[in-house]
Amino acid sequence: MNDKKHYGFTTTILHGDRQKGIEHGSLHKPIHTSVAFGYADARQLASVFQGKEPGFRYGRQGNPTISALEEKVTKMEQGVGTICFATGMGAIGAVVQALLRAGDHVVSSSFLFGNTNSLWQTAMSQGIGVSFVDATDVANVEAAITDNTRVVFVETIANPRTQVADLKRIGELCKARGILYVVDNTMTTPYLFQPKTVHAGLVVNALTKSIGGHGNALGGSLTDTGAYDWTRFANIYENYKKAAPLQWGLAQIRAKGLRDFGASLAPDAAHHIAVGAETLALRMQRTTANALALAGLLEKDERVAAVYYPGLTSHPQHAISAELFRAHGSLLSFELKDGLDCFDFLNRLKLAVPASNLGDNRTLIIPVAHTIFYEMGPERRASMGIAESLIRVSVGIEDTDDLLDDFCTALEGC
Ligand SMILES: *Cc1c(COP(=O)(O)O)cnc(C)c1O
């Protein structure tokens, strides 16, 4: 890309790798399936292995198709580098695997994607301390920090109850204390928000969700924003300190997180995600507008007990959401009034699909406590603000009137 000109979000994604030069003038980066990479000169193979010159070693650590997607995500987040993984959980798992040791401490938002919560439970069983706090107020994060705290972990808009973390102030706190700030940006995507702007050092994106956008490929990524000073991180091994400090984190994550852990993104999935990413901004404009309209409709309906969507002025973090995000996201959740059966309601919907995914083009809807948050049990659910009747909606790109009609009709049957 011509560095002198600053292109907009979509132009950058659309033309970025082509302007860099794709083999044979292909407009899409081809799907490279080769696991191995042959070198005519054996010394060159050795020097690639020793990190003395760029090149590919073995498919588990990356290939040209994956690299092209990594560059795209880096541009979207305005970071310094990205590593892709097989899934979003692979990316978050790599943070634990590559950066934390027994005896370390993590402060995590208690409002979390269920599987991330489960991952922290595993980390605790392996000797890592995790304090769960209400991250909508920086004071709770600050109170939980100890001398061993290496990482503070939050989601931008929490899945599924849509609490918005006190992102800016937590960022300032982490910066002052030299703690690595990891922000899961899945719910906002880099189109709505770039965590770099609040001093996040690492950004998680579940590429499976809105970035890929079509529910046809799993993927995840970690982006180093360049905001964190890795010389302040206690757990970098000497091996990964050879390059400039800006590269220490990703060097260790690529080796200890991706190479050793093995949750590598498949090249065909990388292709699907890269194609999906071209329309991220367009899709987000539509889904966020649909979500706002649907949240407004549900809030006015007498059969609905509560609606959680940061775009509603009744949402406790509406002001922060309006200040930081370009729009308020595509995810909302709500509770029906006592005595109304959420399964009957779901079964009356004709368009919204009962399914566990989000960021799809289709509106997907799920009874949270009975499915994705079932395993954690009622006590932990209550502590996360998950009512037994909570319904999560991942709003798609359907025509707004059709979507609202679908919900109106299903509510009228209550
Ligand atoms: C889905 C999701 C993940 C995990 O992504 P997968 O690709 O499904 O592993 C992580 N964080 C959030 C907020 C998510 O919604």
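Nothing here was measured: the structure is a model prediction, and the numbers come from that model.

1. Digging into the overall build of the chain
Inference 1: Within the chain, the regular secondary structure consists of 15 helices and 12 strands.
Inference 2: Here the C-alpha radius of gyration of the chain, 22 Å, is about what a compact globule of 414 residues would show, namely 22 Å.
Inference 3: Each of the three principal axes of the chain carries a C-alpha extent, and together these read 70 × 50 × 40 Å.
Inference 4: Within the span of the chain, comprising 414 residues, buried residues form 55% of the whole.
Inference 5: About 17,500 Å² of surface is accessible on the chain, with carbon and sulfur atoms providing 51% of the total.
Inference 6: Of the side chains in the chain, 38 bear a positive and 42 a negative charge, and the two mean positions are spaced by 9 Å.

2. Here's the deal with the site of the ligand
Inference 1: Neighbouring residues of the ligand: 14 residues in total, closest G88, M89, D184, T208 and K209.
Inference 2: When residues in the shell around the ligand are grouped by element, the largest group, three residues, is from helix α4 (residues 88-99).
Inference 3: A per-class count over the shell around the ligand returns five nonpolar, six polar and three charged.

3. Details of the packing of aromatic side chains
Inference 1: Across all of its chains, the model carries 10 aromatic pairs by this definition.
Inference 2: Both rings, one in W120 and one in F153, keep their centres 5.6 Å apart while their planes meet at 80°; by these two values the pair is edge-to-face. Taken as a pair, W120 in helix α5 (residues 114-125) and F153 in strand β4 (residues 149-155) lie far apart in primary sequence, 33 residues in all.
Inference 3: When the ring of W230 is compared with that of F233, the centres are 5.5 Å apart and the planes differ by 75°; the resulting orientation is edge-to-face. You'll find W230 and F233 in the same group, each marked buried.
Inference 4: Every member of this aromatic cluster is reached through a ring pair, and the members are Y228, W230 and F233.
Inference 5: The ring centre of F49 lies 5.6 Å from the NZ or CZ of R57, which sits over that ring.
Inference 6: In this arrangement the basic side chain of R101 is found over the ring face of Y237, its NZ or CZ atom lying 4.5 Å from the centre.

4. Quick look at the sheet that holds strand β2 (residues 105-109)
Inference 1: Judged by pairing direction, the sheet is mixed, and its seven strands sit side by side in the order β1-β7-β6-β5-β4-β2-β3 without closing on themselves. If you trace the sheet from one side to the other, it starts and ends with β1 (81-85) and β3 (129-133), each paired once. Taking the axes of each pair of neighbouring strands and ignoring which way they run, one obtains an average angle of 20° across the sheet.
Inference 2: Pairing geometry for β4 and strand β5 (residues 180-184), over five bridges, is parallel. Among the inter-strand pairings, F153 is bridged to a residue of β5, identified as V182.
Inference 3: Each of β2, β3 and β4 is contacted by α5, which is oriented at about 145° to β3, the strand it contacts most.
Inference 4: Across the sheet, helix α7 (residues 167-177) touches β4 and β5, and the angle it forms with β5 is around 155°.

5. Examining the nonpolar core
Soluble globular proteins: nonpolar side chains tend toward being buried together.
Inference 1: The biggest cluster of nonpolar side chains holds 41 residues, and the ones touching the most others in it are L99, W120, L180, W230 and I253.
Inference 2: Those elements that place two or more of their residues in this core are β1, α4, α5, β4, β5, β6 (202-206), α9 (248-259) and β8 (304-308).
Inference 3: With seven residues, the single largest contributor to this core is α4.
Inference 4: In terms of domain composition, this core takes at least three residues from each of domain 1 (9-277) and domain 2 (281-412).
Inference 5: For I253, the contacting residues outside a window of four places in its chain are I83, F85, A94, A98, L99, L202, L222 and L258.
Inference 6: Membership of the second largest hydrophobic core comes to 28 residues, among which are V152, V164, I170 and A200.

6. Focus on the pattern of salt bridges
Inference 1: Taken as a whole and assessed by the stated rule, the structure comprises 15 salt bridges.
Inference 2: Here E71 makes a salt bridge to K20, at a shortest N to O gap of 2.8 Å. Here K20 lies in helix α1 (residues 9-20) and E71 lies in helix α3 (residues 64-77), a separation of 51 residues in the sequence.
Inference 3: On the accessibility criterion, K20 (56% relative accessible area) is exposed.
Inference 4: Where R362 meets D360, a salt bridge forms, and the shortest distance between an N and an O atom there is 2.9 Å.
Inference 5: When its relative accessible area of 48% is taken as the criterion, R362 is described as partly exposed.
Inference 6: The class of D360 is buried, set by a relative accessible area of 9%.
Inference 7: One network of salt bridges, with partners in common, ties together K256, R259 and D260.

What counts, and where the lines are drawn
- Residues numbered from 1 in each chain as written.
- Predicted model: local features only at pLDDT ≥ 70, side-chain atom pairs only at ≥ 80, totals over all residues.
- Heavy atoms only, no water.
- Helix = DSSP H or I, 4+ residues; strand = E, 2+ residues; numbered from the N terminus.
- Rg over C-alpha atoms; globule rule 2.2 N^0.38 Å.
- Buried < 20%, exposed > 50% of the residue type's maximum accessible area, 1.4 Å probe, protein only.
- Areas by Shrake-Rupley, 256 points an atom, 1.4 Å probe, with all protein chains shown as cover.
- Lys, Arg positive; Asp, Glu negative; His and termini not counted.
- Charge placed at Lys NZ, Arg CZ, Asp CG, Glu CD.
- Near = heavy atom within 4 Å.
- Nonpolar A, V, L, I, M, F, W, Y, C, P; charged D, E, K, R; others polar.
- Phe/Tyr/Trp six-rings, centres within 6.5 Å; stacked < 30°, edge-to-face > 60°.
- Lys NZ or Arg CZ within 6 Å of the ring centre and 35° of its normal.
- Pairing = 2+ DSSP bridges.
- Axes fitted to C-alpha atoms, helices over the stretch in contact; angles between N-to-C directions.
- Contact = heavy atoms within 4.5 Å.
- Core = buried A, V, L, I, M, F, W, Y, C linked by side-chain atoms within 4.5 Å.
- Domains from an automatic or database assignment.
- Salt bridge = Lys/Arg side-chain N within 4 Å of Asp/Glu carboxyl O.

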